[in-house]
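# Results of the structural survey
Here is how the chains run, residue by residue.
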Amino acid sequence: MTQSATHVLDHFDLFRQPEYKEMLENKRKNFENPVAAEELERVREWTKTGEYREQNFARSALTVNPAKACQPLGAVFAAVGFESTLPFVHGSQGCVAYYRSHFSRHFKEPCSCVSSSMTEDAAVFGGLNNMIDGLANAHSLYKPKMISVSTTCMAEVIGDDLNAFIKTAKEKGSVPADFDVPFAHTPAFVGSHITGYDNVMKGIFEHFWDGKANTAPKLERVPNEKINFIGGFDGYTVGNLREIKRIFNLMQVGYTILGDNSDVWDTPTDGTFRMYDGGTTLEDAANAVHAKATISMQQYCTEKTLAFIGTHGQEVLALNHPVGVAATDKFLMEVSRITGKGIPEELAKERGRVVDAIADSSAHIHGKKFALYGDPDLCLGLAGFLLELGAEPTHVLATNGNKEWIERVQALFDSSPFGKNCHVYAGKDLWHMRSLLFTEPVDFLIGNTYGKFLERDTGTPLIRIGFPIFDRHHHHRYPVWGYQGAMNVLVWILDKIFDEIDKNTIVPGKTDFSFDIIR
Amino acid sequence: MSSLSTKLQEVFEEPACGKNQGKSEKERKKGCTKQLSPGAAAGGCAFDGAKIALQPITDVAHLVHGPIACEGNSWDNRHALSSGAETYRMGFTTDINELDVVYGAEKRLYKAIKEIIEKYDPPAVFVYQTCVTALIGDDIEVVCKAASKKFNKPVIPVNSPGFAGVKNLGNKLGGEALLDHVIGTQEPDYTTPYDINIIGEYNLSGELWQVKPLLDAMGVRLLACISGDAKYKEVAYSHRAKASMMVCSKAMINIARKMQERYQIPFFEGSFYGIGDMSDSLREIARLLVERGAPKDIIERTENLIASEEARAWARIAPYKERLQGKKVLLITGGVKSWSVVAALQEAGMEIVGTSVKKSTKEDKDRIKEIMGDEAHMIDDMTPREMYKMLKEARADIMLSGGRSQFVALKAKMPWLDINQERHHAYAGYEGMVKLVEEIDKTLYNPVWELVRAKAPWESPDAATV
């Protein structure tokens with residue numbers, strides 16, 4: 001017997017035992033109607049060809065391995081960035097379980113979020129009762145200061161009207177009349193998680209600034225010297241926002257982080273469970289209307305939000321997930337321009353240090369080819385940094401990218417000699433990427449955890465940068481923004497480059513002629 | 001006189017060293033190592049020199065007798081590559097402690113040798129003396145002798161403690177250990193009229209392997225390389241070679257000279273760096289072999305090989321000309337490299353604005369004058385500060401140097417390329433020169449230099465604020 005009570009094998013080893021090997025082999029042979037091994041091999045090889053790539057890119061209906069998530073995921077991300085705010089997703093509860101596990105697996109933190117648990121009868125008769133009961137229960141069970149309502153597809157398909165429902169629920173006493181319940185329609189069949197983020201952010205400011213769904217007077221803007229900062233949907237939000245705060249403090253800039261997830265997704269283990277922690281206070285969210293300007297780090301996460309804020313008389317500025325020296329320079333210069341504050345010596349030094357680090361290691365990155373996928377802004381930021389390093393972002397792919405994004409990426413390519421042979425792909429998925437990696441191979445792949453299948457298939461080493469990262473821990477605690485962030489990204493890229501050199505030289509007596517201590 | 005000081009005197013009086021012969025009796029007595037000035041930065045010690053000279057012998061165990069620092073800091077840091085055994089990369093040390101210092105560590109050394117032989121059974125064990133064990137009076141020669149006898153295996157004492165002098169001296173002391181205990185102790189299975197030794201080549205980054213195919217094509221058999229990618233037995237029977245080539249001009253001259261004396265093996269000094277020099281070396285090998293009785297047709301074979309290899313190399317360098325034209329290069333290296341790469345760089349359109357001659361011999365300097373004419377900027381001993389100034393004033397576009405000077409260049413915002421031991425590319429042979437030009441091109445055009453030289457945006461005059 002393979003398995004015995006005194007020595008139980010785990011899943012790594014159990015199925016490698018002869019009994020299991022034999023059983024699986026028999027099962028395959030007798031019951032799975034297998035094709036001949038040569039045929040299997042032929043097809044496998046065929047999927048690596050240019051011919052297959054053509055057919056793959058001609059694919060019109062089927063998406064295989066998409067590199068994007070749905071609107072409500074972004075909605076939940078945005079909502080938990082506010083003080084004691086409970087995200088409430090109107091729709092089916094299964095979807096919500098996905099969002100919670102998704103964030104928990106990435107941030108290694110609990111993610112509090114509820115749904116209105118719509119069922120079949122709600123689908124037929126509308127989800128009003130679920131909203132009424134749901135808001136009442138959520139309010140009394142979890143004692144939030146604000147409930148941010150978004151939707152799943154189910155509620156959207158049957159056309160539930162959030163504004164009216166919330167009003168009715170308040171009338172029915174689910175929550176006090178003056179309790180803040182901002183809302184946003186976030187159907188998954190439109191856009192992606194970055195759209196959901198955008199919708200909820202806009203919904204929250206609309207709520208606070210424009211009279212709380214006609215229950216309060218609209219806010220009158222009294223301009224002050226502060227600036228607002230929006231990070232966007234960002235897997236590195238914990239490290240990034242702390243870094244941004246540090247930079248603003250160094251520059252002595254008055255600021256409000258709008259949507260601050262840095263504490264709720266990094267709570268200490270000290271015996272206290274914090275269902276809510278940190279976040280933008282509701283007061284700050286309201287007062288943000290008075291700010292001088294709003295800077296968004298991710299244009300494509302905040303298109304509607306910034307347009308809305310812009311109509312309230314502030315300057316709005318959108319960046320594209322700045323990573324690297326030039327991108328950080330631009331960010332700091334904009335902050336400096338808007339606020340009139342200078343760049344402190346400490347930041348100037350940090351800049352010098354990262355330039356130094358890049359110079360120290362430049363030879364190893366120079367001319368290396370990278371494939372890259374992720375959210376549109378992240379792609380722009382990372383591609384820019386790669387060009388800065390003398391690397392070639394050969395394939396840049398965003399499933400949730402659009403035509404305008406393609407033009408921006410192309411413009412970025414055109415700005416550098418290293419962008420000459422680079423290509424941008426919007427609306428494509430990771431199965432397209434697979435074809436790209438086979439037909440136009442690169443040295444490294446940058447992407448999220450799902451890239452590991454591409455790494456296995458194509459042998460392209462994966463550098464994990466993006467969202468979600470499930471199979472490596474704690475990278476979200478490190479910033480990728482600012483000069484420190486550039487340093488981190490540089491080190492992650494270099495680590496993989498050196499790991500690969502070691503891996504290629506590790507077999508004793510065969511390849512280890514250059515298995516060296518110093519790289 | 002202790003055996004160490006005898007050895008030192010011997011090495012100092014190296015007759016084949018032109019520099020030494022040019023000195024007065026009194027000066028010679030002082031020894032050939034420049035006295036170090038305390039408080040000024042200096043290079044490696046004699047132990048390091050001996051270790052790097054011998055460590056490339058791949059199948060033996062290199063045991064460092066001393067406290068952890070000596071082996072701990074020098075373990076496998078040279079990229080000297082092996083085509084077979086990996087024993088040489090194991091970090092063996094006696095790692096002595098306080099009690100050993102008080103009571104002596106000879107027993108510990110003996111036990112360490114015993115354990116190595118029991119566990120690894122290498123063809124030989126090299127034992128390196130260090131400052132501390134030398135100071136407390138451990139006699140490694142006696143211990144090695146006893147261990148040799150007991151275990152019936154060569155155990156070679158390398159008596160080159162750090163305080164004996166600088167790295168270059170250590171190279172020679174390492175060579176002495178080979179002469180005293182290794183060379184001439186075994187016989188090759190067969191010999192040919194085409195057997196040569198290459199002395200002073202360490203196969204860093206596999207450079208020997210870029211040269212070996214050329215020797216193969218000439219029909220020359222490399223009997224032993226001392227010590228790059230060498231096996232113990234090869235060094236042991238190297239005395240049967242017909243001729244030797246000495247590569248690194250000063251490091252192992254004593255081996256070449258004494259082998260000539262003892263075994264009548266003629267040698268010449270040559271270089272694998274630079275296209276013309278590579279060709280000259282091959283010619284010289286052929287000439288010496290014919291002189292020693294090899295059939296004359298090897299000369300024609302060699303010329304044919306040189307013609308085709310040179311043409312191929314120049315053709316591959318030509319495309320870089322346009323990009324490299326007029327780029328100013330500062331060479332901070334030593335020995336043969338101070339002139340041997342110059343021709344190739346000039347051929348690729350570059351201008352040499354300076355070359356350091358700190359570790360170069362008089363011959364090296366003559367060569368520099370010959371190649372670079374009046375414009376030769378020989379830099380004897382450049383301090384980092386001067387180097388910085390030179391780079392800063394943009395009198396050079398790129399610096400080629402060892403890793404230690406790297407950071408001076410970077411701080412001066414200057415492209416830099418490693419051409420010493422920690423480099424990752426092999427620059428020897430025709431192949432290597434093409435690679436060097438390619439690497440220079442890559443380095444010069446790396447976008448980081450633009451970044452490095454550009455001011456931070458808030459420092460430029462038209463910055464909006466600040």
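Residues numbered from 1 in each chain as written. Chains lettered and ligands numbered in written order. Predicted model: local features only at pLDDT ≥ 70, side-chain atom pairs only at ≥ 80, totals over all residues.

## A closer look at the overall build of chain A
Across its full length, chain A holds 21 helices and 12 strands. On C-alpha atoms alone, chain A measures out to a radius of gyration of 25 Å, which is about the 24 Å that the 2.2 N^0.38 rule sets for 519 residues. Taken along the three principal axes of its C-alpha coordinates, chain A extends 75 × 60 × 50 Å. Out of the 519 residues belonging to chain A, those deemed buried represent 48%. Excluding contacts between residues fewer than 6 apart, the proportion of contacts in chain A whose partners are at least 24 apart in sequence is 69%. (Helix = DSSP H or I, 4+ residues; strand = E, 2+ residues; numbered from the N terminus. Rg over C-alpha atoms; globule rule 2.2 N^0.38 Å. Buried ≥ 20, exposed ≤ 12 C-beta atoms within 10 Å, placed from the backbone. Contact = placed C-beta atoms within 7 Å.)

## Observations concerning the overall build of chain B
Tallying secondary structure elements over chain B gives 23 helices and 13 strands in all. Across the 466 residues of chain B, 51% fall into the buried class. Long-range pairs, those at least 24 residues apart, make up 71% of the contacts in chain B between residues at least 6 apart in sequence.

## Thoughts on the domain arrangement of chain B
How big an interface is tends to be stated in terms of accessible area lost as the parts join. All names here are of chain B. On domain assignment, one finds that chain B holds domain 1 (1–32), domain 2 (40–181), domain 3 (195–316) and domain 4 (325–424). At the interface, 5 residues of domain 1 touch 7 residues of domain 2. Tallied by class, the residues present in the side of domain 1 that touches domain 2 amount to 3 nonpolar, 1 polar and 1 charged. (Domains from an automatic or database assignment. Nonpolar A, V, L, I, M, F, W, Y, C, P; charged D, E, K, R; others polar.)

## Looking at the environment of Pro223 of chain A
All names here are of chain A. Its location among the elements puts Pro223 in the loop between α11 (193–209) and β4 (227–230). Through-space distance from the C-alpha of Pro223 to that of Ala293 is 9.5 Å; in sequence the pair is 70 residues apart. Among residues more than four places away in sequence, those in contact with Pro223 are His290 and Lys292.

## Observations regarding the interface of chain B and chain A
Counting residues at the interface gives 23 residues for chain B, matched by 29 residues for chain A. Only α22 (429–444) and α23 (448–453) of chain B provide two or more residues apiece to the side of chain B that touches chain A. Sort the elements by how many residues they give to the side of chain B that touches chain A and α23 of chain B lands first, with 3 residues. Here the side of chain B that touches chain A is composed, by residue class, of 12 nonpolar, 7 polar and 4 charged.

## Focus: the sheet that holds strand β5 (residues 255–258) of chain A
Residues and elements named next belong to chain A. Reading across from one edge, β5-β4-β6-β7 is the order of the 4 strands in this open sheet, with parallel pairing throughout. Strands with a single pairing partner mark the edges of an open sheet, and in this sheet they are β5 and β7 (315–318). If you compare each strand with its neighbour and ignore which way they point, the axes differ by 20° on average. (Pairing = 2+ DSSP bridges. Axes fitted to C-alpha atoms, helices over the stretch in contact; angles between N-to-C directions.)

## Some details on the domain arrangement of chain A
Residue and element names in this part refer to chain A. With domains assigned, chain A is organised as domain 1 (71–209), domain 2 (227–345) and domain 3 (361–503). With 7 residues of domain 1 at the interface, the matching set in domain 3 holds 8 residues. Examining the composition of the side of domain 1 that touches domain 3, we find that 4 residues originate from one element, helix α6 (residues 93–107), more than from any other. Across the side of domain 1 that touches domain 3, the residue classes break down as 2 nonpolar, 3 polar and 2 charged.

## A short note on the sheet that holds strand β12 (residues 462–464) of chain A
Residues and elements named next belong to chain A. Read from one edge to the other, the open sheet built from 5 strands follows the order β10-β9-β8-β11-β12, with strand pairing classed as parallel. Each of the sheet's edge strands pairs with one partner strand only, and the pair in question is β10 (423–426) and β12. When strand polarity is set aside, the average angle formed by the axes of neighbouring strands in this sheet is 20°. Of the strand pairs in this sheet, strand β11 (residues 444–447) and β12 are connected by 3 bridges, and their pairing is parallel. Residue pairing across strands places Ile446 opposite Ile463, the latter belonging to β12.

## Some points on the pairing of β5 of chain A
All names here are of chain A. Side-chain alternation along β5 places Tyr255 and Ile257 on one buried face and Thr256 and Leu258 on a second face that is also buried. Pairing analysis gives 4 bridges linking β4 to β5, with the strands arranged parallel. When the bridges of β5 are listed, Ile227 appears paired with Tyr255. As a crossover connection, the stretch from β4 through helix α12 (residues 237–251) into β5 is right-handed. (Right-handed = clockwise from strand over helix to strand, strands pointing away.)

## Section: α11 of chain A
All names here are of chain A. Helix length check: α11 (17 residues) gives 24 Å between terminal C-alpha atoms against 24 Å at 1.5 Å per residue, within 8%. Summarising burial for α11: 16 of the 17 residues are buried, a large majority. Looking one or two residues past α11, Gly211 carries a phi angle of roughly 90°, positive in sign. (Expected span 1.5 Å × (residues − 1).)

## What about the environment of His62 of chain B?
Residue and element names in this part refer to chain B. Mapping His62 onto the fold places it in strand β1 (residues 61–64). His62 gets classed as buried once you count the C-beta atoms within 10 Å, which come to 28. In this structure His62 touches Leu54, Gln55, Tyr88, Phe92, Phe126 and Tyr128, once residues within four positions along its chain are discounted.

## Focus on the packing of helix α11 (residues 208–218) of chain B against α22 of chain B
Residue and element names in this part refer to chain B. Where α11 meets α22, the axes come as close as 7 Å, and the angle between the chain directions of the two elements is 140°. In terms of their interaxial angle, α11 and α22 are classed as oblique. Every residue of α22 that contacts α11 at Gln210, Val211 and Leu214 is listed here: Gly429, Glu431 and Gly432. Taken together, the residues of the contact of α11 with α22 sort by class into 2 nonpolar, 3 polar and 1 charged. (Parallel < 35°, antiparallel > 145°, perpendicular 65-115°, else oblique.)

## A word on helix α16 (residues 345–365) of chain A
Residue and element names in this part refer to chain A. Taking 1.5 Å per residue, 21 residues should reach 30 Å; α16 reaches 29 Å between its end C-alpha atoms and fits that length. At Ala359, α16 is deflected by roughly 40°, the largest bend along its length. When α16 is considered as a whole, its buried residues turn out to be Leu347, Arg351, Val354, Val355, Ile358, Ala359, Ser362, Ala363 and Ile365. With its phi angle positive at about 75°, Gly367 sits one or two positions after the end of α16. (Bend = angle between axes of the 7 residues up to and from the residue.)

## Considerations on the confidence of the model for chain B
Any segment with low pLDDT has predicted coordinates that should not be analysed in fine detail. Residues at a pLDDT of 70 or more form 87% of chain B, whose mean pLDDT is 86. The ipTM assigned to the predicted complex is 0.72, against a pTM of 0.85. (pLDDT = per-residue confidence, 0-100.)

## Observations regarding the packing of helix α17 (residues 376–388) of chain A against helix α18 (residues 403–414) of chain A
Residues and elements named next belong to chain A. Close contact between α17 and α18 brings their axes to 10 Å; oriented N to C, the two are set at 5°. As far as their axial angle goes, α18 and α17 are roughly parallel. Here Pro376, Cys379, Leu380, Ala383 and Gly384 of α17 lie close against α18, whose contacting residues are Trp405, Arg408, Val409 and Leu412. Residues that form the contact of α17 with α18 fall into these classes: 7 nonpolar, 1 polar and 1 charged.

## Side note on the environment of Ile371 of chain B
All names here are of chain B. Tracing the sequence through the fold places Ile371 in helix α19 (residues 362–372). Assessed through the 17 C-beta atoms surrounding it within 10 Å, Ile371 is described here as partly exposed. With 31 residues separating them along the chain, Ile371 and Ser340 place their C-alpha atoms 9.3 Å apart. Residue contacts for Ile371: discarding those within four places in its chain leaves Trp339, Val342 and Ala343.

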